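In case you want the letters, here they are:
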Amino acid sequence: MMARQKPGVELRTHVSGKRVVLLMAAVVSIGSVGAAQQVTVVQKNREFAKARVAIAAGDTVRFTNEDEFLHQIYASSPGFTFDSDEQAPGEVVDVKFPYPGEYDVRCGIHPRMILHVSVGKPAATKR
Ligand SMILES: [Cu+2]
């Protein structure tokens, strides 16, 4: 396993049809949070299909691999880091973004792949 455990980060990979929960920490801790959303970002032709996505804290980005080779996504910023296992063709990686902020998701295999993730406040706490 290459995934490194960080508090508050939920990182799930689907490997050969078997769901492996690498880490699940209590994220819903303060008040009520609106229903979490999920957006899908396709990886194809050595790039993310979108350059950026905007989500709310607590939402999940599902990364699919529609290429015929591996990807390996990661992000590193103060307070939020994840590092997926190698992602084979057809596999799905779900990454939950618990905290508001601006994050760049990159692929460890294809350095030109960059997805900017803008994470806003949870809907229930917006003012
Ligand atoms: Cu890649």
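Scroll up for the structure.
What comes next is a walk through the structure.

What counts, and at which threshold
- Residues numbered from 1 in each chain as written.
- Predicted model: local features only at pLDDT ≥ 70, side-chain atom pairs only at ≥ 80, totals over all residues.
- Heavy atoms only, no water.
- Helix = DSSP H or I, 4+ residues; strand = E, 2+ residues; numbered from the N terminus.
- Buried < 20%, exposed > 50% of the residue type's maximum accessible area, 1.4 Å probe, protein only.
- Areas by Shrake-Rupley, 256 points an atom, 1.4 Å probe, with all protein chains shown as cover.
- Pairing = 2+ DSSP bridges.
- Axes fitted to C-alpha atoms, helices over the stretch in contact; angles between N-to-C directions.
- Salt bridge = Lys/Arg side-chain N within 4 Å of Asp/Glu carboxyl O.
- Polar contact = N/O pair within 3.5 Å; in protein donor to acceptor, adjacent residues only side chain to side chain.
- Contact = heavy atoms within 4.5 Å.
- Donors = N, O, S within 2.8 Å, 3.2 Å for Na, K, Ca; no water.
- Core = buried A, V, L, I, M, F, W, Y, C linked by side-chain atoms within 4.5 Å.
- Phe/Tyr/Trp six-rings, centres within 6.5 Å; stacked < 30°, edge-to-face > 60°.

## A word on the overall build of the protein
- If you tally the helices and strands in the protein, you get zero helices and 11 strands.
- Reading the secondary structure of the protein in the N-to-C direction produces β-β-β-β-β-β-β-β-β-β-β.
- The buried share among the 127 residues of the protein stands at 42%.
- Accessible surface computed for the protein: about 7,200 Å², of which carbon and sulfur atoms make up 51%.

## As for the sheet that holds strand E7 (residues 73-77)
- On the basis of which strands lie adjacent, the open sheet formed by five strands has the order E5-E11-E10-E7-E8 and mixed pairing. At either margin of the open sheet sits one strand with a lone partner, and together these are strand E5 (52-56) and strand E8 (80-83). Neighbour-to-neighbour, the strand axes of this sheet turn through a mean angle of 25°, independent of strand direction.
- For strand E10 (residues 101-107) and strand E11 (residues 114-120), the ladder comprises six bridges, and the chain directions are antiparallel. Paired with Val105 across the bridge in E11 is Leu115.

## Some points on the pattern of salt bridges
- Enumeration according to the criterion identifies one salt bridge in this entry.
- With a closest N to O distance of 2.8 Å, Asp94 and Arg62 form a salt bridge. Highlighted residues: Asp94 in strand E9 (residues 92-96) and Arg62 in strand E6 (residues 60-65), separated in sequence by 32 residues.
- A residue is classified by how much of its surface remains accessible, and Asp94, at 2% relative accessible area, is buried.
- For Arg62, a relative accessible area of 25% puts it in the partly exposed group.

## A closer look at the side chain of Gln87
- Along the polypeptide, Gln87 turns up in the loop between E8 and E9.
- Looking at Gln87, its side chain comes within polar contact range of the main-chain oxygen of Glu91, at 2.8 Å.
- Apart from the residues within four sequence positions on either side, Gln87 is in contact with Gln43, Phe63, Thr64, Asn65, Phe69, Leu70, His71, Val92 and Val93.

## Some remarks on the coordination of the copper ion
- Binding of the copper ion to the protein goes through His71 (ND1), Cys107 (SG) and His110 (ND1), at separations of 1.9 to 2.2 Å.
- One chain supplies every donor for the copper ion, spaced along it as H-x35-C-x2-H. With His71 in the loop between E6 and E7 and His110 in the loop between E10 and E11, the pair connects residues that are 39 residues apart, well separated along the chain. His110 shares its class with His71; the two are buried.

## Description of the nonpolar core
- Core analysis: the biggest nonpolar cluster contains 21 residues, and Phe63, Phe97, Val105 and Val117 have the highest contact counts within it.
- Broken down by secondary-structure element, the contributors of at least two residues to this core are E5, E6, E7, E8, E9, E10 and E11.
- Once residues lying within four places of it in the same chain are set aside, the contact partners of Val105 are Phe48, Phe63, Ile73, Tyr74, Ala75, Phe82, Phe97, Met113, Ile114, Leu115 and Val117.

## Focus on the packing of aromatic side chains
- Tallied over the entire structure, the rule returns six aromatic pairs.
- Look at Phe82 and Phe97: their rings are 6.1 Å apart centre to centre, the planes differ by 90°, and that puts the pair in the edge-to-face class. With a gap of 15 residues between them, Phe82 in strand E8 and Phe97 in the loop between E9 and E10 connect regions that are remote in the sequence.
- We classify Phe82 as buried; its relative accessible area is 2%.

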